[in-house]
Amino acid sequence: MDLWTRFLLGVTAVAVVGYFALIYGGCALDRRCHLRSCYSHRTCGVVYDKTDDTLAH
């Protein structure tokens, strides 16, 4: 594997980890945000509860 291929794989890995850290990490810090399940055990996004009287659990 040459240097250019390693560089591109590294950039891709950093981008993927950064994306998950930004989306799911930011959601973990917000009490009104929770993960959305597409199937019984798979997570496919986040949901933000916009009502003031109820919080997402």
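Further up the page is the structure itself.
Now for a look at the structure at hand.

Thresholds applied
- Residues numbered from 1 in each chain as written.
- Predicted model: local features only at pLDDT ≥ 70, side-chain atom pairs only at ≥ 80, totals over all residues.
- Heavy atoms only, no water.
- Phe/Tyr/Trp six-rings, centres within 6.5 Å; stacked < 30°, edge-to-face > 60°.
- Buried < 20%, exposed > 50% of the residue type's maximum accessible area, 1.4 Å probe, protein only.
- Patch = residues over 30% accessible without salt bridge, like charges linked within 9 Å, V, L, I, M, F, W, Y side chains within 5 Å.
- Areas by Shrake-Rupley, 256 points an atom, 1.4 Å probe, with all protein chains shown as cover.
- Salt bridge = Lys/Arg side-chain N within 4 Å of Asp/Glu carboxyl O.
- Helix = DSSP H or I, 4+ residues; strand = E, 2+ residues; numbered from the N terminus.
- Disulfide = S-S within 2.5 Å.

### Considerations on the packing of aromatic side chains
So, step 1. One pass over the full model with this rule turns up 2 aromatic pairs.
So, step 2. Where Tyr19 meets Phe20, the ring centres are 5.6 Å apart and the plane angle is 75 degrees; that geometry is what we call edge-to-face.
So, step 3. Given a relative accessible area of 42%, Phe20 falls into the partly exposed group.

### Looking at a nonpolar patch on the surface
So, step 1. Taken together, the side chains of Trp4, Phe7, Leu8 and Val11 present a nonpolar region at the surface, about 410 Å² in accessible area.
So, step 2. Within the secondary structure, Trp4 sits in helix α1 (residues 3-29).
So, step 3. Judged by relative accessible area, which is 55%, Trp4 ranks as exposed.

### Notes on the state of the cysteines
As used here, a disulfide is simply a covalent bond connecting the sulfur atoms of two cysteines.
So, step 1. Per the counting criterion, the structure on display carries 1 disulfide.
So, step 2. Between Cys27 and Cys33 runs a disulfide, and the two sulfur atoms are separated by 1.9 Å. Because the sign of the S-S torsion sets the handedness, a value of about -105 degrees for the bond joining Cys27 and Cys33 places this disulfide among the left-handed ones. Neither residue differs from the other here; Cys27 and Cys33 are each classed as buried.

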